[in-house]
There are 2 protein chains.
Amino acid sequence: MGSTIKDVARYAGVSVATVSRVINNLSGYTEETRKQVLRTIEELGYTPNAIARGLVNKKTSTIGVLLPSLTSKFMNELLNGIESVAHKREKSVILCNTDTDGSRTEQYLKVLNEKQVDGIIFVSEWLKESYGQIMVDMKIPVVLVSTYTYRFNFPYIRVDDTKASYTATSYLIEKGHREIGMISGRRGDPVAGYPRIEGYKKALNDAGIPFREEYIAYGDFHYRSGVKSAEELLKRVPHITAVFATSDEMALGVLSYAYRAGISVPDELSVIGYDDTQDAEMAIPPLTTIHQPIFEMGVRAVEMLLSPGGKESVIMPYHIVERESVKSLQ
Amino acid sequence: MGSTIKDVARYAGVSVATVSRVINNLSGYTEETRKQVLRTIEELGYTPNAIARGLVNKKTSTIGVLLPSLTSKFMNELLNGIESVAHKREKSVILCNTDTDGSRTEQYLKVLNEKQVDGIIFVSEWLKESYGQIMVDMKIPVVLVSTYTYRFNFPYIRVDDTKASYTATSYLIEKGHREIGMISGRRGDPVAGYPRIEGYKKALNDAGIPFREEYIAYGDFHYRSGVKSAEELLKRVPHITAVFATSDEMALGVLSYAYRAGISVPDELSVIGYDDTQDAEMAIPPLTTIHQPIFEMGVRAVEMLLSPGGKESVIMPYHIVERESVKSLQ
DNA sequence: ACGATTACCGTAAACGTTTACGCATTCTTG
DNA sequence: CAAGAATGCGTAAACGTTTACGGTAATCGT
């Protein structure tokens, strides 16, 4: 269908080499032949074939982004950051939703390998041994976002979950709360589960408040698990005055549960979230939460992936955004 | 780095043709040579190069998805549907966020053309003449989602916006409301703006309620424009008892504004949304809204794109989901 | 004015596959 | 048991580029 570089060469009365040169604007031709070539490119409606290019260059200007879900504002915002600079740098992004399913992850890794992507951004999920091995075998740059690994030396971009969690819990304590429930991610989750629980425990401990297992409920970061966990928690330890949810979505779940149960937030129950996605701004009442620079993390991820030099992991800053879901008890 | 089909051929003591045959499992070899080839593939850790394949096959197993935004639950859910079946059918998706920016759209179209994608899904945006022309020149399948065109014969998948909007407005009327505000998309938007206004007008008219321009505020489907429009509307026509927002996000905006202004929803103001994204479920109070089968629309889009036969446009069903943001006045 | 650069351009190999074609060898069939 | 069909396999062209190499012709320096 489309015309090729050979067609252009023939019509313009030059060789394919020359056409290639003007396309990639290298040197080695008169201004006149350049005009001529450009003109016939226009006439024939020629567009270069990136596949053929990729074959010889061994570069596809394509990166793969692996993420465990598409339906959370965190992922959207991150994807937005990634796409924005990828487009600026003229890279395409292949979307890989692993759905937190290991076999899907490996399938996608295989596809990305076959498609010869120039790099991979791996988001949020725990990096299993097998994933890591596949990626080092691919010999292309990899950067991790919101996760990390000891086993391989891929650079990562994330916030210090334990510290952020400590900050959130301490904030509640400063506001006079002592009976603080927590809604965590999956218990065994080494990336967004365990470290945040550690921060919570440490904050409690530093304030002389004993930690008790029954103050923690386990969700999956999504809304519904938030309402379910809120119910569970408020039945088990009804005297709590505050809850720290490790995602905004789950925090919104507790808001919803409280609304239905006739519990007023923040008057009877304070709630703090995590992420500062737009969900937090949209909540009623507006949600106090830990801000992560999500968009920026996406941006940095692509820049790091594309930078030729040595890649240093970066810990991003976070801060509390005070809105209206936490009440001071003093 | 990676080994090629030639390496496999050499090590296995066969020709590249034979290796190719067993990889694509065609016929023309003994069970024995098949074993042998498979074994050396394993040993060498060979993986086929999809780029080289694409060059000769003129198929890349890749589709492009163009959408105007990444940060709305509508797009997420749609993308989720698209990705889910694309992966099942072994197609990769290239993400193209046009950001409702025409030049970005044309850039992306050019990239998709060069990258030889097998098809394009074009979402939500109005299909300009130039976009359409580029796509017909590409001679690959295109399907439109949540938009349409008279000018080209690309099939579309969408719900009947005018009818759905009529239904939403009529629902409010049935509940006894007569002073009904509307928050619409951009006035000139031929896809999600104008048609929905028409439905609103018609419902009013059929109920004998005069239409007045000042009952309409114009947003951009996003949250902030929702709160801004709510403020505008409630200052201009404070006696309204209900508002119909043409996206859930904007509806949440009015919920937020009402909350801040001390207006109780639904007691003092009823709100109905559009889309039935998860935002509606998460809202406080839970949002009554028009349900669109968004995920399913993504699924159908990919299936239609990949189906070889003639492609018939489809109008998807919608329905009202009654939650708690609308009060009956009788 | 003469050799040495330099500018312009073409030829052809290479990238890693698929596949049409052809050639032995084996299998069928009457 | 011979002729034809089927099976198993290899050779080489093709896909659309980029680029190393080489060859003229023009320009430079002295």
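All of the points below concern the structure found in this document. For clarity, every value in this text was computed on a predicted model and none was experimentally measured.

What counts and what doesn't
Residues numbered from 1 in each chain as written. Chains lettered and ligands numbered in written order. Predicted model: local features only at pLDDT ≥ 70, side-chain atom pairs only at ≥ 80, totals over all residues. Pairing = 2+ DSSP bridges. Helix = DSSP H or I, 4+ residues; strand = E, 2+ residues; numbered from the N terminus. Axes fitted to C-alpha atoms, helices over the stretch in contact; angles between N-to-C directions. Near = placed C-beta within 6 Å. Nonpolar A, V, L, I, M, F, W, Y, C, P; charged D, E, K, R; others polar. Expected span 1.5 Å × (residues − 1). Buried ≥ 20, exposed ≤ 12 C-beta atoms within 10 Å, placed from the backbone. Arc of directions from axis to C-beta. Least-squares fit on C-alpha atoms with pLDDT ≥ 70 in both. Contact = placed C-beta atoms within 7 Å. Core = buried A, V, L, I, M, F, W, Y, C linked by C-beta atoms within 7 Å. Right-handed = clockwise from strand over helix to strand, strands pointing away.

## So, the sheet that holds strand S8 (residues 242-245) of chain B
All names here are of chain B. Spatial ordering of the open sheet is given by S7-S6-S8-S9-S10-S12, a layout of six strands whose pairing is mixed. Here the strands that pair on one side only, and so sit at the sheet edges, are strand S7 (216-218) and strand S12 (319-321). Taking the axes of each pair of neighbouring strands and ignoring which way they run, one obtains an average angle of 20° across the sheet. Both strand S6 (residues 180-184) and S7 contribute to a ladder of three bridges, which runs parallel. What sits directly across from Ile-183, in S7, is Ala-217.

## So, the protein's contact with DNA strand D
Around DNA strand D, 28 residues are found, and the nearest of them are Ile5(A), Ser20(A), Ser15(B), Ala17(B) and Tyr29(B). Elements with a contribution of two residues or more to the surface near DNA strand D: helix H1 (5-12), helix H2 (16-23) and helix H4 (50-57) of chain A together with helix H2 (16-23) and helix H4 (50-57) of chain B. Of the residues assigned to the surface near DNA strand D, the class counts are 14 nonpolar, eleven polar and three charged.

## As for the pairing of strand S10 (residues 288-291) of chain B
The pairing of strand S9 (residues 270-275) of chain B with S10(B) spans four bridges and is parallel. Paired with Asp275(B) across the strands is His291(B), a residue of S10(B).

## A word on helix H3 (residues 31-44) of chain A
Residue and element names in this part refer to chain A. Across its 14 residues, H3 extends 20 Å between first and last C-alpha, which sits within 8% of the 20 Å expected from 1.5 Å per residue. Among the residues of H3, those classed as buried are Val-37, Thr-40 and Ile-41. Taken end-on, H3 shows its buried residues confined to a sector of 110°, consistent with a single buried face. Set apart from the buried face of H3 by more than 90 degrees, the exposed residues are Glu-31, Glu-32, Arg-39, Glu-42 and Glu-43. Within two residues after H3, Gly-45 carries a phi angle of roughly 65°, on the positive side.

## Remarks on the relation of the copies chain A and chain B
Each copy of the sequence occupies a distinct position, and chain A is placed on chain B by a rotation of 180° and an axial shift of 0.0 Å, giving an RMSD of 0.0 Å. Classification of the inter-copy transformation places it as that of a two-fold axis. Closest approach to the rotation axis among the C-alpha atoms of chain A is made by Ile94(A), whose C-alpha sits 2.3 Å away. Mapped onto chain B, 100% of the interface residues of chain A again fall at the interface, so both copies present the same surface.

## Let's talk about the environment of Asp267(A)
With respect to the helices and strands, Asp267(A) occurs in the loop between helix H11 (248-261) and strand S9 (270-275). Each C-alpha atom of the pair Asp267(A) and Asn25(A) lies 67 Å from the other, and the pair is 242 residues apart in sequence.

## So, the nonpolar core
Formed by 92 residues in total, the largest nonpolar core has its most connected members in Val243(A), Val254(A), Val271(A), Val243(B), Val254(B) and Val271(B). With 86 residues, the next largest nonpolar core counts Val145(A), Ala301(A), Tyr148(B) and Ile294(B) among its residues.

## Side note on the pairing of S9(B)
Residue and element names in this part refer to chain B. Counting buried positions over the six residues of S9 gives six, a clear majority of the element. When S8 meets S9, the two strands line up parallel, connected through three bridges. Within S9, the position partnered with Ala-242 by the bridge is Ser-270. On the question of chirality, the crossover connecting S8 to the parallel S9 by way of helix H11 (residues 248-261) is right-handed.

## Considering the sheet that holds S9(A)
Residue and element names in this part refer to chain A. Read from one edge of the open sheet, six strands run S7-S6-S8-S9-S10-S12, paired in mixed fashion. Edge strands, defined here as strands with exactly one partner in the open sheet, are strand S7 (216-218) and strand S12 (319-321). Averaged over all adjacent pairs, the angle separating strand axes in this sheet is 20°, with direction ignored. Lying on the sheet, helix H8 (residues 161-174) is in contact with strand S6 (180-184), strand S8 (242-245), S9, strand S10 (288-291) and S12; it crosses S9 at an angle near 165°.

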